[in-house]
Structure formats: C-alpha cells, structure tokens
Amino acid sequence: MASSSSHSHPVLIHDEHQPESDDAFLGFVDYARSVLAPEEMNDSDGGGEDSEAPSWSWIVSRILKTCIAYSSGVTAAILLSDIFQAWNELRRIGTSRRRPGGIDLLKKKYKRTRLHNTVTIDSIYEKNFLSTNSILEAIVLDTFILPGTNIYMLKLGDRWSSNTVDLYLHRRYYDLVQCDYGILRKGREIFLTGCCLRSAFGGSGCLRLLPTEYLVILLDEDEDEDAMLLGAQFCSETFSSISHDAVNNGVSYSFYARIESVGSVENHGKSSPVKRKEITLVDNDGIKKKFFLWGDQVVLANVFSVGSMLALDRPFIAQAVDGGMETSEEICLEYGSATQLYMVPFVQQEEQLFVAPTQNRLGSSLVSAIDQTQGLKVSQVALPCDSQGSVDFSNYPFRTFVANLRDKMTGISLCGVVTNMFRETNTTEAVFSLTIEDATGAVVVKLHFVKSWSLGRLGIGHTIYITGLTCSVKKEKQLEVTWFENDAGASLINLSCLAAVLNSSCLHKLYHLSDLSLQSNITYICSVRLDKIDYHHLTSRFFHTLCGQLVNESSDGFVTCNFCRCTCEGEIILSFHLEVTLADESGSILVWCTGQTAAELLQISTDEFFELPEDEQAMYLYTLQNERFTVAIVNSSRLTDVVDHPSQENGSVRWEIVRALKSE
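Computed from a prediction, not measured in an experiment: that's the story for all the values here. Note on numbering: residues in each chain are counted from 1, in written sequence order. The predicted origin of the model limits local features to residues at a pLDDT of at least 70 and limits the giving and counting of side-chain atom pairs to 80 or more, whereas totals for whole chains, interfaces and linings rest on all residues. Only hydrogens and water are removed before side-chain values are computed, so all heavy atoms of the structure are retained for them.

Participant: I keep staring at helix α11 (residues 595-602) and nothing clicks. Help me out?
Facilitator: One full turn of an α-helix is made of 3.6 residues, so residues set three or four places apart face in the same direction. Buried means the residue's accessible area, taken with a 1.4 Å probe over protein chains only, is under 20% of the maximum for its type, while exposed means over 50%, and partly exposed covers the values in between. Counting from the N terminus, the helices are DSSP H or I runs at least four residues long and the strands are E runs at least two residues long. Of all 8 residues making up α11, 7 are buried, and the element is well covered by its neighbours. All of the buried residues along α11 are G595, T597, A598, A599, E600, L601 and L602. Looking one or two residues past α11, Q603 carries a phi angle of roughly 55 degrees, positive in sign.

Participant: Help me understand the sheet that holds strand β29 (residues 551-553), please; the structure alone is not making it clear to me.
Facilitator: Sheet strands pair via backbone hydrogen bonds, and the direction of the pair is either parallel or antiparallel. Note: two strands are recorded as paired if DSSP finds a minimum of 2 bridges between them. Overall, antiparallel pairing links the 3 strands, which are arranged β29-β30-β31 in an open sheet. The sheet terminates laterally at β29 and β31 (566-567), the two strands that pair on one side only. In terms of strand pairing, strand β30 (residues 559-561) meets β31 through 2 bridges, oriented antiparallel. Bridge pairing in β31 links T560 to T567.

Participant: Explain helix α2 (residues 56-69) here, please?
Facilitator: For α2, spanning 14 residues, the distance from its first C-alpha to its last is 20 Å, which sits close to the expected 20 Å at 1.5 Å a residue. Within α2, burial applies to W56, S57, I59, V60, I63, L64, T66 and C67. To estimate the expected span of a helix, subtract one from its residue number and multiply by 1.5 Å.

Participant: Sorry, what's going on with the packing of helix α1 (residues 24-36) against α2 here?
Facilitator: Any two packed helices are characterised by the angle at which their axes cross and by the distance between the axes. Following both chains from N to C, one finds α1 and α2 inclined at 115 degrees, their axes separated by 10 Å at the closest point. In terms of orientation, α1 lies roughly perpendicular with respect to α2. Where α1 crosses over α2, the two elements pack in a sense that is right-handed. On α2, the residues touching F25, L26, F28, V29, D30, A32, R33 and L36 of α1 are W56, W58, I59, V60, I63 and L64. Just so you know the grouping, Ala, Val, Leu, Ile, Met, Phe, Trp, Tyr, Cys and Pro go in nonpolar, Asp, Glu, Lys and Arg go in charged, and all remaining residues, Gly too, go in polar. For the contact of α1 with α2, the residue count by class is 12 nonpolar, no polar and 2 charged. For every element, the axis is a line fit to its C-alpha atoms; helices are fit only across the contacting stretch, and the angle between N-to-C directions ranges from 0 to 180 degrees. Oblique is the label for any angle not under 35 degrees, not over 145, and not in the 65 to 115 range, which are roughly parallel, roughly antiparallel and roughly perpendicular in turn. By definition, any crossing whose near helix is turned counterclockwise from its far helix by less than a right angle is left-handed, and any crossing with a clockwise turn is right-handed. Whether two residues touch is decided by their heavy atoms; if any such pair falls within 4.5 Å, the residues are in contact.

Participant: Sorry, what's going on with the nonpolar core here?
Facilitator: Burial of nonpolar side chains together is a common tendency in soluble globular proteins. Counting 65 residues, the largest nonpolar core has I190, F291 and F304 as its most contacted members. Residues contacting I190, with those up to four places away along its chain left out, are L136, E137, A138, V140, L154, L156, L184, L215, V216, I217 and L218. Grouped together as the second largest cluster of nonpolar side chains are 41 residues, V381, I460, C561 and F563 included. In plain words, nonpolar cores are sets of buried Ala, Val, Leu, Ile, Met, Phe, Trp, Tyr and Cys residues tied together by side-chain atoms within 4.5 Å.

Participant: Just to check I follow, could you spell out the side chain of D283 for this structure?
Facilitator: Relative to the elements of secondary structure, D283 occurs in strand β10 (residues 274-283). In terms of polar contacts, D283 uses its side chain to reach the backbone amide nitrogen of F239, at 3.0 Å. With residues near it in sequence (within four places) discarded, D283 still touches T238, F239, S240, Y256 and A257. In protein, a polar contact requires one atom able to donate a hydrogen and another able to accept it; more generally it is a pair of N or O atoms within 3.5 Å, and residues adjacent in sequence count only if both atoms are side-chain atoms.

Participant: Sorry if this is basic, but what is going on with the pattern of salt bridges here?
Facilitator: Think of a salt bridge as a Lys or Arg side-chain nitrogen and an Asp or Glu carboxyl oxygen that are within 4 Å of each other. Counted under the stated rule, the structure contains 16 salt bridges. Between D166 and K155 there is a salt bridge, with the nearest N and O atoms lying 3.2 Å from each other. A residue pair is termed long-range when its members are at least 10 positions apart, and D166 in strand β3 (residues 165-168) and K155 in strand β2 (residues 152-157) qualify at 11 residues. Across the pair E266 and R276 runs a salt bridge, and its minimum N-O distance is 3.1 Å. With E266 in strand β9 (residues 266-268) and R276 in strand β10, this residue pair connects regions lying 10 residues apart in the sequence.

Participant: I tried to follow the pairing of β10 on my own but got confused; where do I start?
Facilitator: Walk down a regular strand and you will see the side chains alternate between the two sheet faces. Counted residue by residue, β10 has 7 buried out of 10 residues, so it is predominantly covered. Bridge analysis of β9 against β10 gives 3 bridges, and the strand direction is antiparallel. The partner of N267 across the bridge, within β10, is K275. With antiparallel pairing between neighbouring strands as the criterion, β9 and β10 make up a hairpin whose turn holds 5 residues, including G269 at a positive phi of roughly 100 degrees. Counted along the chain from β10 to the antiparallel partner strand β11 (residues 288-294), the turn is 4 residues long, and its residue G286 has a positive phi close to 85 degrees.

Participant: Mind showing me how you'd approach the pairing of strand β24 (residues 479-484) here?
Facilitator: Summarising the sheet, strand β22 (residues 441-449) and β24 pair through 4 bridges and their orientation is parallel. Each residue of the ladder has a partner; that of K446, found in β24, is T482. Across 4 bridges, strand β23 (residues 463-473) lies against β24 in antiparallel orientation. Bridging across to β24, T470 finds its partner in T482. Between β23 and β24, which pair antiparallel one after the other, the connecting turn spans 5 residues, and K477 there sits at a positive phi close to 60 degrees.

Participant: Explain the packing of aromatic side chains to me, please; I cannot follow it from the model alone.
Facilitator: Each aromatic ring pair is specified by the distance between its two centres and by the angle formed by the two planes. Each Phe, Tyr or Trp ring, with Trp reduced to its six-membered ring, pairs with another whose centre is within 6.5 Å; inter-plane angles below 30 degrees give stacked pairs, above 60 give edge-to-face pairs, and intermediate values give tilted ones. Enumeration over the complete set of coordinates arrives at 23 aromatic pairs. Centre to centre, the rings of F609 and F610 are 5.1 Å apart; their planes meet at 90 degrees, and the pair counts as edge-to-face. With relative accessibility at 32%, the residue F610 sits in the partly exposed group. Here the aromatic cluster, defined as three or more aromatic residues joined through ring pairs, consists of F432, F449, W453, W483 and F563.

Participant: Help me understand the environment of Q319 in this model?
Facilitator: As for its position among the elements, Q319 is in strand β13 (residues 316-319). The class for Q319 is partly exposed, based on a relative accessible area of 27%. Note: C-alpha distance between Q319 and E330 (11 residues apart in sequence) is 5.7 Å. Sequence-distant contacts of Q319, that is, excluding residues within four places in its chain, are made with H244, N248 and E330.

Participant: Explain the confidence of the model for the protein chain to me, please; I cannot follow it from the model alone.
Facilitator: Caution is warranted with low-pLDDT regions, since their predicted coordinates should not be read in detail. Summary statistics for the protein chain give a mean pLDDT of 82 and a share of 81% for residues scoring 70 or more. pLDDT is defined as a per-residue confidence score from the predictor, taking values between 0 and 100. Per-element confidence in the protein chain is highest for strand β25 (residues 491-494), whose mean pLDDT is 96, and lowest for strand β17 (residues 367-371), whose mean pLDDT is 35. Segment residues 13-20 is flagged for pLDDT under 50; beyond a separation of four residues in sequence, or across chains, it makes 23 contacts in the model. Within the model, the stretch residues 39-51 combines pLDDT values under 50 with 19 contacts to residues more than four positions away or in other chains.

Participant: I'm lost on the packing of α2 against helix α3 (residues 76-91) in this one. Help?
Facilitator: At a minimum axis distance of 10 Å, the contact between α2 and α3 shows a crossing angle of 125 degrees. Of the possible angle classes, the one that applies to α2 and α3 is oblique. The element α2 and its partner α3 pack so that their crossing is right-handed. Of the residues in α3, those touching α2 at W58, I59, R62, I63 and T66 are L79, D82, I83, A86, W87 and L90. Of the residues that constitute the contact of α2 with α3, the class distribution is 8 nonpolar, 1 polar and 2 charged.

If you want it as structure tokens, here you go:
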C-alpha cells in the first residue's frame, strides 16, 4: 500500500506478487469476468456507461444467487447465460436510446449517486406496475392543463428512458406552476415517491400517475435563479430563530439545513402504534433539529441522502413536550399540510486508486492507463467517496484482499476461511467476532446482529463470502472491520456448504484424500467411499437451531449455547455427531461431521436411527460401508478460543465433512 499526497485516503496498490487462488470457484469468477469484459473493452473511446465491466463482487454475488436457486447443479453455460442476461439488464439503464428532448443536455451534469428504489419510466411501462415505495428521479418536460378542467399535469421523463409519463399534480404544488416563472417548469428535476399508477382515459394505452404529496424539488446552487431562491427564502432564518410565541401566533418559517442522519422506521405509541422516521438536520450555525415523518410520510425519507442540503418551506413546528415525542428537545419539525421541500443533492466525490497491470488484465472501462510511455503500466480506478472521506468499494473491479484493508473503506467484499469465532462478552448487543483469513493475512470482523445470530451453522475452516464490510481506525489506531446485518448490501454466504458447488463440475476441482494438507486453507471436494463407521463413534447431541453449535445443560436445568452465550430453551434439536473413515484410491482419513451432513452420510434421521435396537443400529452402519459420496472437507483444527467444539474431544480428528452428496 502507498499513500497519496493529493488524497486523504491511501491509494490501493495491487502489485506483481498479489496471490492467485487455485480455488475452482474463484477461478470461474475470473473466467466469467473475462467473458463479460473482453480485452477490446479497454480500447473503447468513450469509456462510458455502455462499456463498463461488472465488478468482481457483482459477479460473485450473481453466481451465488444462481447456485442457491439451483442446488441440484449448474453448468458453465447456465451461469454465463444468467450473468450475461443480468448484466445486460443492468446496463440497459445506460444504453444509448432516443430520449425526449432536453434530457441529454441535463445528463452531462448528472453526478450524484442514484438513489435506492429508483425505477425508470421504461420499467413502469414494461411491468405496468409501480410500488408506492419506488422513487422516480424525473425531469419536467412540460406543464399543461387538462382541456376543460383546472387540473394541472406534468409531463415527466428521466435520464434512462425513452418513454414519458404524465403526472396529475397535487394541489399543494399548484402555486409553483401557475405563473410563467413558476419553479415547476420545463427542465426542473424532481424526486417523486408514494406514487400510484393508472391507465389514461380513452384506452390510449398511455400511463398516468395519480397525485402524490411526496414531491421534492431539486435545486442547483450553481444556477443563479436557484441560488437567489435559496438566499431570499431560506437563508435568513436558522433554528435558533424559532419563537414559541411566533409559532402560537401562526408565523411560518423556512430553513436551510444539511441532512446529518436518516433514522430507521420506528413504531411510536403503545395502544395504536404509528410509524415514525427521524431525520437529523444541522443548520449553518451548527444547531441540530429533529425532523419527523409520520405514517405514510415515512416513504419520503427514501429520497433523502446524508450530506444533501434540505430547504424546508413552512414545516409544522411541534412542541415536543406537548406532543409526547420522547425527545429531550423542546421543538421539533414535522412534514405538515403546507410544507414544501427543496433539496440540493449531495454530489458524490471520487477517489483515485492505483491498480497494477496484474489486476487490470481482464479489462474494465473503469481502468485507464496513465503512463505507458515509460513502461510503468500503472492504471487507476475512480471510486465514489462520501462527505466523510469514506471510499465505497462495492463496485471495485477486482477482488479485495485482507492486506488491502485500510481506514475509511465501505462496501467491501471478502472471500476467505473462518479461523476463529466467538460472541463478544463486553456488550449486551448481539455482536460476534469472526476471524477471516485469505492468502494475504487475517482480519477480525465484528458482526452486529439485530437480535441474535442468524446465519445458520458456521464453523472453523469454512470458506465464506461476506459483503457490506466497513473499515475504520479507532482511537487506539487499530483497524476495526464491522458488518451490520441490516445494512444495504450486507450478506454472508457459506461457500463450503453450497450443494450446487458439489453438483457443478465447473465450480469445483476434485482432490484425492492424499492431497489434503493442513497448510492449505481451501475446501477440498473429494469423491470417496465410506470405509469404516465405528458404532462407538456415533452419538446423538443437542444443538442450538440458530447457530448449529453444541448446547449444555447446566446444574440448574437451563440449556445454554456457549457460542451464542444465551439460554436456548425451545431452540434445540437432537442430531448426530459422527466420526467416520473415508477412503479413495490414494488412501484413507478419519473425519467428523454433525447435523444434516451426518444424516446425509447415514441416510437416516436421528430419531429413526435411535429407535432401532442396538444390534440393528450396528448392522445398519455396517451396510453403509463402501457407499460412495462427493464430500466437501475442511480443516477444522484451528480451535483457539472456540468453546465446546465437537472435534475437541478427539484432537486427532482435524478434518470436517461440511457437505455430502450421495453418488449415483
């Protein structure tokens, strides 16, 4: 890693010695990306949206989505077809097509990040459906009155569509279009949400949007007209100028403030709870106020982004004490019947990160050579950067390794092996520490769950793919990597346990048992036979259903999970713990397994097996010898700080079967 004199964030260097994985799954990811991003894409003149290559993490996530949907197995052709179709669908937003007049000029000024839940007008026509939670980032193409009525309509387009759609304007916005200089005129950008769809009169096939109260008008501080509006109407008052007496006498206010945070939806009240969303605003004097949305209004928060400037015209000013808002502030703001909102969106900045030619060989329009005349062959990638200087790696073209992690990185994806895991004891929240190791090093990730562990069984030696990681340096100058269960883009998938990987020859490489090495952190896929099942090496245990780990019964009768560190009455299941000898033409090895994997090998449920008499149990196990399976085997011998791990009882059993499929 190297630092940059022009950026506060260090640049990301991938050098000639970056490790290359021999994992077949990751190899297919690279192959799929090479198919979607052929070498000639580097030679495109525009380097625009049409030629962008997918990020490494996008391809992995797409392959995994297909694998989860088709557990019986996939072929390379199926995966490539699915990826190609999904990528074309994604790119279709940016493809060149004939757009309504005036939009292409505005497109050149478009620098902000597209909002979540944004839909295009073309997609509305295709699906003939529009969710009230959806957002339209629209441009006013025309304003007109329906003939014979006093109903105002807006003709809307967007940057990505060839179609237009008409909107019945809500009457609270009529004063903004009723004069020649009204702010809602041709060329104005707006955000809409809470929209409902209906077909136009006369069966013309055109679609119209019913009136919505939730319309936000976008302003540009670089435009003289907008700057004058902000200065004249919104910048003369601050939050400190609010007067109780003036509010009681019906005085209205207008404020200009930065959106500092957007809270999650809460249920307010006990007898008949109402949805509430809290937005924290900061004015130019640094004074903070809470802006509340209630009930159906909470959808309006979908268009708010942290760092954007919000201009509130005539917000309802509530006295918190009288309103029972459970806040320490005397005065709060609400979205009232007369409130109108204007916004100057936060413009995403970009950070330049350097990439060595070993990484850009697959090609991407995000990567451009900056000096080839002197043989340096160094390229750079532009990634979005927020107002706090954090760089978003969710669309980084290449794989990110542990050694690349630095302060102020978000949207990180890692693929690695779990080498340690435990629950944090210094907090009442559900926080677990997970050590992930790849070829460049290891990192501890703090997993924050809403209530409790929700990822199913995960064990030492398992290979995982985790997305949505954030890096920050704490006061102790230590790098902390965090993951929050409910964050957008956060996921964790156990690659070692995916049935589709075992069933798909394009996603795995078959190893012999003699190839197994404790020095290698990979999941071995082997074709084996059951050589020996000792009756005394098969027992039944109680496991915690949430995490798949062993439970203990304390002296006072409580059943506890030492991994989750909680009581788990009603959340336990009786399952197998099995040690078995596997064999192939290269040799044999003693392994262990539990739960569903053991049941797959034994081809019988726990209850059914232990209902048999002992002599029949032994006979049944004998009949399983020489049965053939394809199995996934991992090294489970790293047991530091892992409490009550099943294999601790026998230190010689270092290998775990994490998935088994019977061979035909």
